[in-house]
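# An overview of the molecular structure
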Amino acid sequence: MEIKSEILYNDRVAGGYFRLGLACRFPEAKPGQFVMLRVSDGLDPLLRRPFGIYRTLGTFGRALGAKGSPSKMKGIELLYRVVGKGTAILSGRRPGETLGVLGPLGNGFPDPAEGSSVVLVAGGMGIAPLYLLAKRLGAGTLLFGARSKAENVLLKDFRGLGLRIKTATEDGSAGIKGLVTGLLEDELTPESVVYACGPVGMLKAAAAISEKAGARCLVSLERSMACGIGVCLGCAVRTKEHRGEKESRFYKMVCSDGPVFQSEEVDWALL
Ligand SMILES: Cc1cc2nc3c(=O)[nH]c(=O)nc-3n(C[C@H](O)[C@H](O)[C@H](O)COP(=O)(O)OP(=O)(O)OC[C@H]3O[C@@H](n4cnc5c(N)ncnc54)[C@H](O)[C@@H]3O)c2cc1C
Ligand code: FES
(Lines give C-alpha, C1' and ligand atoms only; values in the text may rest on other atoms or scores of the structure.)
(Ligands and ions follow the chains in the order given, each with its own letter.)
Protein backbone atom coordinates (compact mmCIF):
# COMPACT_ATOMS: atom_id res chain seq x y z
CA MET A 1 0.00 0.00 0.00
CA GLU A 2 1.27 3.46 -0.92
CA ILE A 3 1.92 5.70 2.05
CA LYS A 4 2.21 9.47 2.09
CA SER A 5 5.64 10.43 3.38
CA GLU A 6 6.80 13.86 4.35
CA ILE A 7 9.98 15.15 2.76
CA LEU A 8 12.47 15.93 5.53
CA TYR A 9 15.22 17.19 3.22
CA ASN A 10 16.06 17.07 -0.46
CA ASP A 11 19.59 18.36 -0.74
CA ARG A 12 21.96 18.53 -3.66
CA VAL A 13 25.12 16.52 -2.87
CA ALA A 14 27.04 17.52 -5.98
CA GLY A 15 26.21 18.04 -9.65
CA GLY A 16 22.98 16.17 -10.39
CA TYR A 17 23.13 14.03 -7.21
CA PHE A 18 20.62 14.54 -4.40
CA ARG A 19 19.83 13.07 -0.97
CA LEU A 20 16.16 12.74 -0.15
CA GLY A 21 15.06 12.13 3.44
CA LEU A 22 11.54 10.81 3.91
CA ALA A 23 9.61 10.30 7.13
CA CYS A 24 7.79 7.02 6.74
CA ARG A 25 6.74 4.22 9.01
CA PHE A 26 8.41 1.31 7.31
CA PRO A 27 9.22 -2.14 8.51
CA GLU A 28 13.03 -2.39 8.72
CA ALA A 29 14.42 -2.42 5.15
CA LYS A 30 16.91 -5.08 4.08
CA PRO A 31 20.06 -4.00 2.24
CA GLY A 32 19.31 -3.97 -1.50
CA GLN A 33 15.57 -3.37 -1.23
CA PHE A 34 13.95 -0.44 -3.02
CA VAL A 35 10.89 1.81 -3.01
CA MET A 36 8.58 3.06 -5.76
CA LEU A 37 8.15 6.81 -5.49
CA ARG A 38 5.36 8.95 -6.88
CA VAL A 39 7.38 12.04 -7.68
CA SER A 40 4.49 14.38 -8.45
CA ASP A 41 0.96 14.90 -7.16
CA GLY A 42 -0.38 15.22 -10.71
CA LEU A 43 -0.72 12.67 -13.50
CA ASP A 44 2.58 13.48 -15.17
CA PRO A 45 4.60 11.38 -14.83
CA LEU A 46 1.96 8.78 -14.18
CA LEU A 47 4.28 5.98 -13.15
CA ARG A 48 6.17 5.75 -9.91
CA ARG A 49 9.97 5.58 -10.16
CA PRO A 50 12.13 2.94 -8.42
CA PHE A 51 14.96 3.96 -6.05
CA GLY A 52 17.18 1.84 -3.82
CA ILE A 53 16.93 2.49 -0.09
CA TYR A 54 20.23 4.18 0.69
CA ARG A 55 19.88 4.12 4.44
CA THR A 56 17.30 4.05 7.18
CA LEU A 57 16.93 7.03 9.47
CA GLY A 58 16.81 6.41 13.20
CA THR A 59 13.90 7.26 15.39
CA PHE A 60 13.55 10.98 15.63
CA GLY A 61 11.11 13.30 17.36
CA ARG A 62 9.28 15.65 15.05
CA ALA A 63 6.04 17.55 15.15
CA LEU A 64 3.87 15.98 12.47
CA GLY A 65 0.14 15.78 11.99
CA ALA A 66 -2.73 18.20 12.40
CA LYS A 67 -2.37 18.64 16.16
CA GLY A 68 1.37 19.06 15.93
CA SER A 69 1.90 16.26 18.43
CA PRO A 70 5.48 15.05 18.39
CA SER A 71 5.66 11.71 16.61
CA LYS A 72 8.54 9.32 16.77
CA MET A 73 8.99 8.06 13.26
CA LYS A 74 11.44 6.02 11.27
CA GLY A 75 12.51 7.30 7.94
CA ILE A 76 14.56 6.43 4.90
CA GLU A 77 17.11 8.25 2.83
CA LEU A 78 17.44 7.88 -0.93
CA LEU A 79 20.41 8.96 -3.03
CA TYR A 80 19.45 9.80 -6.59
CA ARG A 81 20.76 11.28 -9.79
CA VAL A 82 18.71 13.49 -12.09
CA VAL A 83 18.52 11.73 -15.48
CA GLY A 84 15.08 12.61 -16.88
CA LYS A 85 11.69 14.10 -16.24
CA GLY A 86 10.76 12.20 -13.08
CA THR A 87 14.01 12.80 -11.26
CA ALA A 88 14.05 16.46 -12.38
CA ILE A 89 10.60 16.94 -10.82
CA LEU A 90 11.77 15.11 -7.70
CA SER A 91 14.77 17.42 -7.33
CA GLY A 92 12.39 20.40 -7.14
CA ARG A 93 10.26 18.96 -4.31
CA ARG A 94 10.65 20.75 -1.00
CA PRO A 95 10.77 19.77 2.71
CA GLY A 96 7.29 19.60 4.22
CA GLU A 97 5.69 18.38 0.99
CA THR A 98 4.61 14.74 0.76
CA LEU A 99 5.39 11.96 -1.69
CA GLY A 100 3.62 8.63 -2.21
CA VAL A 101 5.97 5.75 -1.32
CA LEU A 102 5.50 2.04 -1.89
CA GLY A 103 7.91 -0.31 -0.15
CA PRO A 104 10.18 -1.74 0.95
CA LEU A 105 10.14 -3.91 -2.19
CA GLY A 106 12.26 -6.69 -3.67
CA ASN A 107 14.40 -9.42 -2.23
CA GLY A 108 17.54 -7.53 -1.17
CA PHE A 109 21.05 -8.93 -0.82
CA PRO A 110 21.52 -12.26 0.95
CA ASP A 111 24.20 -12.40 3.66
CA PRO A 112 27.57 -13.83 2.61
CA ALA A 113 28.44 -17.35 3.72
CA GLU A 114 30.62 -17.42 6.81
CA GLY A 115 34.32 -17.13 6.02
CA SER A 116 33.84 -15.56 2.58
CA SER A 117 35.69 -12.41 1.63
CA VAL A 118 33.32 -9.73 0.42
CA VAL A 119 33.89 -7.46 -2.56
CA LEU A 120 31.37 -4.73 -3.36
CA VAL A 121 31.49 -3.35 -6.90
CA ALA A 122 29.66 -0.13 -7.69
CA GLY A 123 29.43 1.91 -10.86
CA GLY A 124 28.33 5.53 -10.31
CA MET A 125 24.81 5.68 -8.88
CA GLY A 126 25.06 1.90 -8.33
CA ILE A 127 26.66 2.80 -5.00
CA ALA A 128 23.25 3.69 -3.51
CA PRO A 129 21.86 0.24 -2.66
CA LEU A 130 25.24 -0.87 -1.25
CA TYR A 131 25.46 1.45 1.76
CA LEU A 132 23.16 -0.57 4.05
CA LEU A 133 25.02 -3.74 3.08
CA ALA A 134 28.44 -2.17 3.69
CA LYS A 135 27.26 -0.93 7.08
CA ARG A 136 25.91 -4.33 8.03
CA LEU A 137 29.08 -6.16 6.97
CA GLY A 138 31.58 -3.61 8.32
CA ALA A 139 34.42 -5.34 6.44
CA GLY A 140 35.49 -6.23 2.94
CA THR A 141 36.53 -4.26 -0.11
CA LEU A 142 34.59 -1.64 -2.04
CA LEU A 143 35.53 -1.03 -5.66
CA PHE A 144 33.98 2.17 -6.98
CA GLY A 145 33.98 3.29 -10.59
CA ALA A 146 33.02 6.74 -11.85
CA ARG A 147 33.48 8.98 -14.82
CA SER A 148 35.69 11.40 -12.87
CA LYS A 149 36.92 12.35 -9.40
CA ALA A 150 33.92 14.60 -8.72
CA GLU A 151 31.68 11.54 -8.25
CA ASN A 152 33.93 10.25 -5.44
CA VAL A 153 31.85 12.53 -3.19
CA LEU A 154 29.42 9.58 -3.13
CA LEU A 155 32.00 7.62 -1.13
CA LYS A 156 31.93 10.01 1.84
CA ASP A 157 29.56 7.91 3.98
CA PHE A 158 31.46 4.70 3.21
CA ARG A 159 34.70 5.94 4.71
CA GLY A 160 34.92 4.81 8.31
CA LEU A 161 32.65 1.78 7.83
CA GLY A 162 35.65 -0.55 7.95
CA LEU A 163 35.92 -1.34 4.23
CA ARG A 164 39.01 -1.05 2.07
CA ILE A 165 38.12 1.33 -0.77
CA LYS A 166 39.64 1.35 -4.27
CA THR A 167 38.54 3.61 -7.07
CA ALA A 168 38.70 3.79 -10.84
CA THR A 169 37.78 6.75 -13.03
CA GLU A 170 37.29 6.81 -16.77
CA ASP A 171 39.31 10.03 -17.13
CA GLY A 172 42.05 8.96 -14.70
CA SER A 173 41.41 11.88 -12.31
CA ALA A 174 41.30 9.52 -9.27
CA GLY A 175 42.33 5.93 -8.68
CA ILE A 176 43.27 3.82 -11.68
CA LYS A 177 42.33 5.07 -15.14
CA GLY A 178 39.72 2.82 -16.68
CA LEU A 179 36.77 0.72 -15.66
CA VAL A 180 36.10 -0.47 -12.12
CA THR A 181 36.01 -4.08 -13.29
CA GLY A 182 39.72 -3.65 -14.06
CA LEU A 183 40.26 -3.77 -10.27
CA LEU A 184 38.18 -6.86 -9.65
CA GLU A 185 40.33 -9.74 -10.86
CA ASP A 186 43.11 -9.09 -8.34
CA GLU A 187 40.64 -9.13 -5.43
CA LEU A 188 39.07 -12.52 -6.06
CA THR A 189 39.60 -16.01 -4.72
CA PRO A 190 37.12 -18.89 -4.89
CA GLU A 191 36.04 -17.86 -1.35
CA SER A 192 35.01 -14.38 -2.49
CA VAL A 193 31.47 -13.17 -2.82
CA VAL A 194 30.87 -10.22 -5.11
CA TYR A 195 27.92 -7.83 -4.75
CA ALA A 196 27.62 -5.64 -7.85
CA CYS A 197 25.36 -2.74 -8.74
CA GLY A 198 25.70 -0.38 -11.69
CA PRO A 199 25.34 -0.24 -15.46
CA VAL A 200 24.57 -3.51 -17.20
CA GLY A 201 27.95 -3.65 -19.00
CA MET A 202 29.70 -3.45 -15.62
CA LEU A 203 27.49 -6.18 -14.15
CA LYS A 204 28.12 -8.43 -17.11
CA ALA A 205 31.90 -7.97 -16.82
CA ALA A 206 31.78 -8.52 -13.03
CA ALA A 207 29.82 -11.74 -13.60
CA ALA A 208 32.35 -13.05 -16.15
CA ILE A 209 35.40 -12.16 -13.99
CA SER A 210 33.81 -13.76 -10.91
CA GLU A 211 32.93 -16.92 -12.79
CA LYS A 212 36.51 -17.21 -14.05
CA ALA A 213 37.80 -16.90 -10.46
CA GLY A 214 35.26 -19.41 -9.13
CA ALA A 215 33.69 -16.70 -6.94
CA ARG A 216 30.00 -16.20 -6.22
CA CYS A 217 28.54 -13.05 -7.77
CA LEU A 218 25.26 -11.33 -6.94
CA VAL A 219 24.04 -8.56 -9.20
CA SER A 220 21.37 -5.94 -8.56
CA LEU A 221 19.57 -5.34 -11.86
CA GLU A 222 17.84 -2.16 -13.00
CA ARG A 223 14.86 -2.20 -15.37
CA SER A 224 12.16 0.35 -16.10
CA MET A 225 9.32 -0.44 -13.74
CA ALA A 226 5.63 0.37 -13.85
CA CYS A 227 4.06 -1.42 -10.88
CA GLY A 228 7.05 -2.59 -8.78
CA ILE A 229 5.09 -5.52 -7.36
CA GLY A 230 5.17 -8.24 -10.03
CA VAL A 231 1.84 -7.46 -11.70
CA CYS A 232 2.49 -5.64 -15.00
CA LEU A 233 5.35 -7.92 -16.24
CA GLY A 234 7.13 -4.80 -17.49
CA CYS A 235 10.46 -5.57 -15.82
CA ALA A 236 10.89 -9.17 -17.04
CA VAL A 237 14.41 -10.53 -17.58
CA ARG A 238 15.25 -13.87 -19.12
CA THR A 239 16.99 -16.24 -16.74
CA LYS A 240 18.44 -19.71 -17.08
CA GLU A 241 18.59 -22.67 -14.79
CA HIS A 242 20.88 -25.66 -15.13
CA ARG A 243 19.73 -29.09 -14.02
CA GLY A 244 22.42 -31.60 -14.95
CA GLU A 245 22.69 -31.55 -18.75
CA LYS A 246 19.51 -29.58 -19.16
CA GLU A 247 19.24 -25.81 -19.30
CA SER A 248 15.82 -24.18 -18.98
CA ARG A 249 15.11 -20.54 -19.75
CA PHE A 250 12.31 -18.58 -18.23
CA TYR A 251 11.40 -15.04 -17.28
CA LYS A 252 11.63 -13.51 -13.84
CA MET A 253 10.49 -10.10 -12.64
CA VAL A 254 13.23 -7.76 -11.46
CA CYS A 255 10.83 -6.04 -9.04
CA SER A 256 9.45 -9.08 -7.24
CA ASP A 257 11.97 -11.90 -7.92
CA GLY A 258 14.89 -9.46 -7.73
CA PRO A 259 16.36 -6.93 -8.02
CA VAL A 260 19.21 -9.16 -6.76
CA PHE A 261 20.05 -12.27 -8.80
CA GLN A 262 22.84 -14.81 -8.85
CA SER A 263 24.91 -13.75 -11.85
CA GLU A 264 24.87 -17.21 -13.43
CA GLU A 265 21.07 -17.30 -13.58
CA VAL A 266 20.86 -14.14 -15.70
CA ASP A 267 20.70 -14.56 -19.48
CA TRP A 268 23.16 -11.75 -20.23
CA ALA A 269 22.72 -12.13 -23.99
CA LEU A 270 19.29 -10.53 -23.74
CA LEU A 271 20.12 -7.62 -21.41
C1 LIG B 1 15.58 -1.43 -8.36
C2 LIG B 1 16.06 -0.07 -8.84
C3 LIG B 1 16.74 0.75 -7.96
C4 LIG B 1 17.17 2.01 -8.39
N5 LIG B 1 17.84 2.79 -7.50
C6 LIG B 1 18.22 4.02 -7.85
C7 LIG B 1 18.86 4.86 -6.89
O8 LIG B 1 19.08 4.50 -5.73
N9 LIG B 1 19.23 6.11 -7.31
C10 LIG B 1 19.00 6.54 -8.60
O11 LIG B 1 19.36 7.69 -8.92
N12 LIG B 1 18.40 5.76 -9.50
C13 LIG B 1 18.00 4.52 -9.16
N14 LIG B 1 17.36 3.73 -10.08
C15 LIG B 1 17.13 4.28 -11.42
C16 LIG B 1 15.93 5.22 -11.39
O17 LIG B 1 14.76 4.46 -11.20
C18 LIG B 1 15.87 5.98 -12.72
O19 LIG B 1 16.98 6.81 -12.85
C20 LIG B 1 14.60 6.81 -12.78
O21 LIG B 1 13.47 5.98 -12.84
C22 LIG B 1 14.64 7.71 -13.98
O23 LIG B 1 13.41 8.41 -14.03
P24 LIG B 1 13.27 9.73 -14.88
O25 LIG B 1 11.81 9.98 -15.06
O26 LIG B 1 14.10 10.83 -14.33
O27 LIG B 1 13.93 9.37 -16.27
P28 LIG B 1 13.16 8.84 -17.54
O29 LIG B 1 12.42 10.00 -18.14
O30 LIG B 1 12.44 7.59 -17.24
O31 LIG B 1 14.41 8.54 -18.46
C32 LIG B 1 15.20 9.64 -18.94
C33 LIG B 1 16.46 9.12 -19.59
O34 LIG B 1 17.29 8.54 -18.58
C35 LIG B 1 17.59 7.23 -18.93
N36 LIG B 1 17.64 6.46 -17.70
C37 LIG B 1 16.59 5.90 -17.04
N38 LIG B 1 17.04 5.23 -15.98
C39 LIG B 1 18.39 5.38 -15.97
C40 LIG B 1 19.42 4.91 -15.15
N41 LIG B 1 19.19 4.11 -14.12
N42 LIG B 1 20.69 5.26 -15.44
C43 LIG B 1 20.96 6.03 -16.49
N44 LIG B 1 20.03 6.49 -17.33
C45 LIG B 1 18.77 6.16 -17.07
C46 LIG B 1 16.48 6.76 -19.85
O47 LIG B 1 16.94 5.72 -20.70
C48 LIG B 1 16.19 8.01 -20.62
O49 LIG B 1 17.10 8.20 -21.68
C50 LIG B 1 16.93 2.46 -9.72
C51 LIG B 1 16.25 1.63 -10.60
C52 LIG B 1 15.82 0.38 -10.18
C53 LIG B 1 15.09 -0.51 -11.14
S1 FES C 1 7.40 -3.51 -12.60
FE2 FES C 1 5.50 -4.51 -12.91
S3 FES C 1 6.09 -6.60 -12.86
FE4 FES C 1 7.90 -5.56 -12.32
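In this text, all values refer to a predicted model and were calculated from it rather than measured experimentally. (Residues numbered from 1 in each chain as written. Chains lettered and ligands numbered in written order. Predicted model: local features only at pLDDT ≥ 70, side-chain atom pairs only at ≥ 80, totals over all residues. Heavy atoms only, no water.)

## Looking at the domain arrangement of the protein chain
- Taken as a whole, the protein chain is organised into domain 1 (3-105) and domain 2 (117-270).
- The centre of domain 1, based on its C-alpha atoms, is set 24 Å off from the matching centre of domain 2.
- Contact residues are listed per partner, giving 22 residues for domain 1 and 22 residues for domain 2.
- By the criterion of area lost to domain 2, the three top residues of domain 1 are Tyr17, Pro31 and Tyr54, representing 31% of everything that side buries. (Domains from an automatic or database assignment. Contact = heavy atoms within 4.5 Å. Buried area = accessible area lost by both parts, 1.4 Å probe.)

## Concerning the layout of surface pockets
- Computed from the structure, the largest pocket encloses a volume of approximately 1,100 Å³.
- Taken together, 47 residues form the lining of the largest pocket, with Arg81, Met125, Gly126, Gly198 and Glu222 sitting closest to its centre.
- Residue contributions to the lining of the largest pocket peak at four residues, all from strand S4 (residues 49-52).
- Tallied by class, the residues present in the lining of the largest pocket amount to 23 nonpolar, 15 polar and nine charged.
- Three or more residues apiece are contributed to the lining of the largest pocket by two domains, here domain 1 (3-105) and domain 2 (117-270). (1 Å grid on protein atoms, 1.4 Å probe; cavity = no way out; pocket = protein on both sides within 12 Å on 5 of 7 lines; lining within 4 Å. Points joined across faces, edges and corners; volume = space filled by probe spheres on them. Helix = DSSP H or I, 4+ residues; strand = E, 2+ residues; numbered from the N terminus. Nonpolar A, V, L, I, M, F, W, Y, C, P; charged D, E, K, R; others polar.)

## Some thoughts on empty space enclosed by the protein
- Scanning the model with the defined rule gives two cavities of 30 Å³ or more in all.
- Here the largest cavity is characterised by a volume of approximately 50 Å³.
- Lining the largest cavity are Cys24, Phe26, Pro27, Glu28, Ala29, Thr56, Lys74, Gly75 and Ile76.
- At three residues, the largest contribution of residues to the lining of the largest cavity is made by strand S6 (residues 70-81).
- Split by residue class, the lining of the largest cavity holds five nonpolar, two polar and two charged.
- Put simply, the second largest cavity is a space of about 30 Å³.
- Taken together, Val13, Arg19, Tyr54, Leu79, Val153, Leu154, Lys156 and Asp157 make up the lining of the second largest cavity.
- Considered class by class, the residues forming the lining of the second largest cavity number five nonpolar, no polar and three charged.
- Both domains that meet at the lining of the second largest cavity, namely domain 1 (3-105) and domain 2 (117-270), each give it at least three residues.

## Focus: a nonpolar patch on the surface
- On the surface, Leu43, Leu46 and Leu47 cluster together to form a nonpolar patch covering roughly 330 Å² of accessible area.
- Residue placement: Leu43 occurs in the loop between strand S3 (34-38) and S4. (Patch = residues over 30% accessible without salt bridge, like charges linked within 9 Å, V, L, I, M, F, W, Y side chains within 5 Å. Areas by Shrake-Rupley, 256 points an atom, 1.4 Å probe, with all protein chains shown as cover. Salt bridge = Lys/Arg side-chain N within 4 Å of Asp/Glu carboxyl O.)

## Observations concerning helix H3 (residues 200-213)
- Look at H3: 20 Å from first C-alpha to last across 14 residues, which is about the 20 Å you get at 1.5 Å a residue.
- Along H3, the positions that sit buried rather than exposed are Met202, Leu203, Ala206, Ala207, Ile209 and Ser210.
- Taken together, the buried residues of H3 touch strand S8 (117-123), strand S12 (192-197) and strand S13 (216-220). (Expected span 1.5 Å × (residues − 1). Buried < 20%, exposed > 50% of the residue type's maximum accessible area, 1.4 Å probe, protein only.)

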